[in-house]
There are 2 protein chains.
Amino acid sequence: MPIKYQAKIFVTLRPSVLDPAGVAVQSGLKQMEYNNVEQVRIGKYIELMITADSENSARQDLDKICDQMLANPVIENYRFDLTEVESVIGAV
Amino acid sequence: MPIKYQAKIFVTLRPSVLDPAGVAVQSGLKQMEYNNVEQVRIGKYIELMITADSENSARQDLDKICDQMLANPVIENYRFDLTEVESVIGAV
């Protein structure tokens, strides 16, 4: 019976990659007198629901989805948390 | 003595707000035959380091930083996790 999972996906720039958006936010914060903030890094946070036969197959799908669409493997890393939400009765 | 914290900030659209980027990703995934994915919501994930005298003052600064710069209070929610990284000796 298929199971529905909530996925929380974090896409971040690789540490070696410069983050212009992060640099811009940091200089903006300095102008607002927040001099106690550093190393600002900006990434994507994606939530979605995925239905699969097992946690393992949900993870495999998410790996492919992240590699093919949500993250740019050249400059970004991704990780995700998976939480079972409900067993789906009569789903396709 | 000032303490350095790592902040992990999650900025997400309020549930009532339409997410065109999420809709676009979902339709893209459908074209790639991923029909088991729904409710895609895209937000921002921000990491930064903040130095403060206490966890409470770090939280207060982060609330102001999120309200004033990182999140649009009209359409977005934010939450953050704070982790103490190190006590900073001789910091400003």
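First, a word on what this report is: a plain description of the structure on this page. (Residues numbered from 1 in each chain as written. Chains lettered and ligands numbered in written order. Predicted model: local features only at pLDDT ≥ 70, side-chain atom pairs only at ≥ 80, totals over all residues. Heavy atoms only, no water.)

Description of the interface of chain A and chain B
With 32 residues of chain A in contact, the opposing surface of chain B contributes 32 residues. Approximately 2900 Å² of surface area, both sides summed, lies buried where chain A meets chain B, with 60% of it carried by carbon and sulfur atoms. Interface area lost by chain A to chain B is led by A:Tyr34, A:Asn36 and A:Tyr45, which between them contribute 21%. In this structure, B:Lys4 and A:Glu38 form a salt bridge, with 3.0 Å as the shortest nitrogen-oxygen distance. For the side of chain A that touches chain B, the secondary structure elements donating two or more residues are strand 1 (3-13), helix 1 (20-31), strand 2 (37-52) and helix 2 (55-70) of chain A. Its residues assigned to classes, the side of chain A that touches chain B shows 16 nonpolar, seven polar and nine charged. (Contact = heavy atoms within 4.5 Å. Buried area = accessible area lost by both parts, 1.4 Å probe. Salt bridge = Lys/Arg side-chain N within 4 Å of Asp/Glu carboxyl O. Helix = DSSP H or I, 4+ residues; strand = E, 2+ residues; numbered from the N terminus. Nonpolar A, V, L, I, M, F, W, Y, C, P; charged D, E, K, R; others polar.)

Concerning the relation of the copies chain A and chain B
When chain A is fitted to chain B, the residual RMSD is 0.0 Å, and the transformation amounts to a turn of 180° plus an axial shift of 0.0 Å. Interpreted geometrically, this transformation is the action of a two-fold axis. Of the interface residues in chain A, 100% have counterparts in chain B that sit at the interface too, so the contact is made through matching surfaces. (Least-squares fit on C-alpha atoms with pLDDT ≥ 70 in both.)

Brief notes about the packing of aromatic side chains
Per the counting criterion, the structure on display carries seven aromatic pairs over all chains. Relative to B:Phe10, the ring of A:Tyr45 lies with its centre 5.1 Å away and its plane at 65°, an arrangement referred to as edge-to-face. Here B:Phe10 lies in strand 1 (residues 3-13) and A:Tyr45 lies in strand 2, a pairing that spans two chains. Connected via pairs of aromatic rings, a cluster forms that spans A:Phe10, A:Tyr45, B:Phe10 and B:Tyr45. Against the face of A:Phe10 rests A:Arg79, its NZ or CZ located 4.1 Å from the ring centre. (Phe/Tyr/Trp six-rings, centres within 6.5 Å; stacked < 30°, edge-to-face > 60°. Lys NZ or Arg CZ within 6 Å of the ring centre and 35° of its normal.)

Some remarks on unusual backbone geometry
Of note in this structure, A:Gln39 is not a glycine but carries a positive phi near 50°. Inspection of the secondary structure assignment puts A:Gln39 in strand 2.

A word on helix 2 (residues 55-70) of chain B
All names here are of chain B. Taking 1.5 Å of rise per residue, 16 residues should cover 22 Å, yet helix 2 covers just 20 Å from first to last C-alpha, more than 12% shy of that figure. Taken together, the buried positions of helix 2 are Ala58, Asp61, Leu62, Ile65, Cys66 and Leu70. Viewed end-on, helix 2 has its buried residues packed into an arc of 135°, placing them on one side of the element. (Expected span 1.5 Å × (residues − 1). Buried < 20%, exposed > 50% of the residue type's maximum accessible area, 1.4 Å probe, protein only. Arc of directions from axis to C-beta.)

Examining the pattern of salt bridges
Residues and elements named next belong to chain B. The full count for this structure, using the stated rule, is eight salt bridges over all chains. Taking the shortest distance from any N to any O, the salt bridge between Glu55 and Arg59 comes out at 3.1 Å. Linking Glu55 with Arg59, this pair stays in helix 2, spanning four residues, or about one helical turn. Taking the relative accessible area as the measure of exposure, Glu55 reaches 38% and is therefore partly exposed.

With respect to the environment of B:Val40
Residue position: B:Val40 is located in strand 2 (residues 37-52). Looking at B:Val40, the relative accessible area reads 6%, which means it is buried. Along the backbone, B:Val40 and B:Leu82 are 42 residues apart, and their C-alpha atoms lie at a distance of 26 Å. Non-local contacts of B:Val40, meaning those with residues more than four positions away in its chain, are made with A:Ile46, A:Glu47, A:Leu48, B:Asp19, B:Gly22, B:Val25 and B:Gln26.

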